[in-house]
Amino acid sequence: MLLWTRRDCFPMTHQIEVVVGSAEKQAWFRRSLLAWYERHRRDLPWRGERDPYRVWVSEVMLQQTRVAAVIEYYRKFLQQFPDVRSLAAARLPKVLAAWSGLGYYRRARMMHAAAREIVKARRGVFPQTAEDWHALPGIGRYTSAAIASIALGEPVAVVDGNVERVLERLQGRPLSGAEAWQAAGSLLSKKRPGDFNQAMMELGATVCLPRQPNCGECPVRAGCATRGVLPASQQVARRKAEIAYGLNCRNGSVLLVRRPANASLMAGMWELPELSREAVAAHGNGSLSLRHSITVTDYSVRVVREAAPANAGGQWVARKRLETLPLTGLTRKILRAAKII
Ligand code: ADE
């Protein structure tokens, strides 16, 4: 099925076989990509890292999150939890506090659960294969393959959104999930699987961009079926929404509420009390406005000082405790904008 070709559009020399074709063309692809990666890869704190714990932290943080946003979190997280034992020994709220602002908090909960399993059930010994990593909480096919290839040198390919786009452009058609994993596996460098996987991701992140690919800089354009003309995958429709919070301060404390433990998003994390429309209208003054995006929603956020929250309740939290409390990312942003933290 991967041998589909577009003979009408592309020269015979570089058809689809570059993905699953002759050994020679695959070798050319690996060589070209790896040579490019060596020269052009970004200097990132997790580059060259072989320690499974550190690779694991970086790969989990990088899921659905931009590299620029991850760098500082990665450094701080490793300062606070330098190894799997320190992570396992920490209480969950401390881990969530370190994750506060990165979003997708399930990732942090799952990492914490997996760290405890490694320390307790496996006596601190890391899994030695992608398959064993996959058995831990929160570690899916992508993460297990990324850790095993980068830290352990296991020849397993990874496919994330960037890699999928690179493969589709190379092939000149959309690929099903199974086809993408198969294509990535057939191209993989068995000698340098970690570098190869990172090179594919790097190519997708810096050259083979969704909207305007820089084909002129692409090391494998000679083997690409589309050279960027494949329509970008459909953008997810974004939603706009408005939300308002009350910022109440008293004697060096701030009024916060805790999200329910069974909330589907950001369970158990702390935030400012939400305000009803009426409460916002009644307190037109002294407000702060900012924008915040969570997954596919762009929020216009208003923050009204000393406004009565819609629901009674909440807790006065001393300012000095705020640094270590698992605040939602938006709450941390508001408190920073208001110069409370
Ligand atoms: N995205 C996720 N993991 C990555 C890595 N190791 N290198 C480049 N981009 C990535």
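What counts and what doesn't
Residues numbered from 1 in each chain as written. Predicted model: local features only at pLDDT ≥ 70, side-chain atom pairs only at ≥ 80, totals over all residues. Heavy atoms only, no water. Near = heavy atom within 4 Å. Areas by Shrake-Rupley, 256 points an atom, 1.4 Å probe, with all protein chains shown as cover. Helix = DSSP H or I, 4+ residues; strand = E, 2+ residues; numbered from the N terminus. Salt bridge = Lys/Arg side-chain N within 4 Å of Asp/Glu carboxyl O. Core = buried A, V, L, I, M, F, W, Y, C linked by side-chain atoms within 4.5 Å. Buried < 20%, exposed > 50% of the residue type's maximum accessible area, 1.4 Å probe, protein only. Contact = heavy atoms within 4.5 Å. Pairing = 2+ DSSP bridges. Axes fitted to C-alpha atoms, helices over the stretch in contact; angles between N-to-C directions. Disulfide = S-S within 2.5 Å.

A. Highlighting the site of the ligand. In the neighbourhood of the ligand, the contacting residues comprise R47, E59, L62, Y142, Q198, M201 and E202. Relative to its unbound accessible area of 260 Å², the ligand is 93% covered by the protein chains. Here the element with the most residues in the shell around the ligand is helix 12 (residues 193-206); it accounts for three residues.

B. Fine view of the pattern of salt bridges. In the structure shown here, the tally under the stated rule is ten salt bridges. A network of salt bridges, in which partner residues are shared, links E38, R192 and D195.

C. Focus on the nonpolar core. In this structure, Y53, W56, F77 and W99 are the most contacted members of the largest nonpolar core, which totals 38 residues. Considering each element in turn, this core owes the most residues, six residues, to helix 3 (residues 52-62). Leaving out residues up to four positions away in the same chain, W56 has contacts with V84, M111, A114, A115, I118, F126, W133, I139, T143 and I147. Core analysis: the next-biggest nonpolar cluster, separate from the first, contains 33 residues, F29, W36, Y37 and L188 among them.

D. Highlighting the sheet that holds strand 1 (residues 239-247). If you trace the three strands from one edge of the open sheet to the other, you get 1-6-5, paired in mixed fashion. Every interior strand has two partners, whereas the edge strands, strand 1 and strand 5 (287-294), have only one. Recorded for the sheet is a direction-independent mean angle of 25° between the axes of neighbouring strands. Relative to strand 6 (residues 297-305), strand 1 runs parallel, the two sharing nine bridges. Paired with A244 across the strands is R302, a residue of strand 6. Lying over the sheet, helix 14 (residues 329-337) contacts strand 1, strand 5 and strand 6, oriented at roughly 150° with respect to strand 5.

E. Looking closely at unusual backbone geometry. Of note, the phi angle at Q64 is positive, near 60°, even though the residue is not glycine. Note on placement: Q64 falls in the loop between helix 3 and helix 4 (67-80). The backbone of M266 shows a phi angle near 50°, a positive value even though the residue is not glycine. Along the chain, the position of M266 falls in the loop between strand 3 (253-258) and strand 4 (270-271). Assessed through its relative accessible area of 18%, M266 is described here as buried.

F. Representation of the pairing of strand 6 within the structure. As paired strands, strand 5 and strand 6 are joined by eight bridges and run antiparallel to one another. When the sheet's bridge partners are listed, S289 is paired in strand 6 with R302. Between strand 5 and strand 6, which pair antiparallel in sequence order, lie two residues; one of them, T295, sits at a positive phi of approximately 45°.

G. Expanded view of the state of the cysteines. One pass over the full model with this rule turns up zero disulfides. Of all cysteine sulfurs, the one in C224 lies closest to C215, which takes part in no disulfide; the gap is 6.5 Å. Taking relative accessible area as the criterion, C215 reaches 21% and is therefore assigned partly exposed. Taking relative accessible area as the criterion, C224 reaches 11% and is therefore assigned buried.

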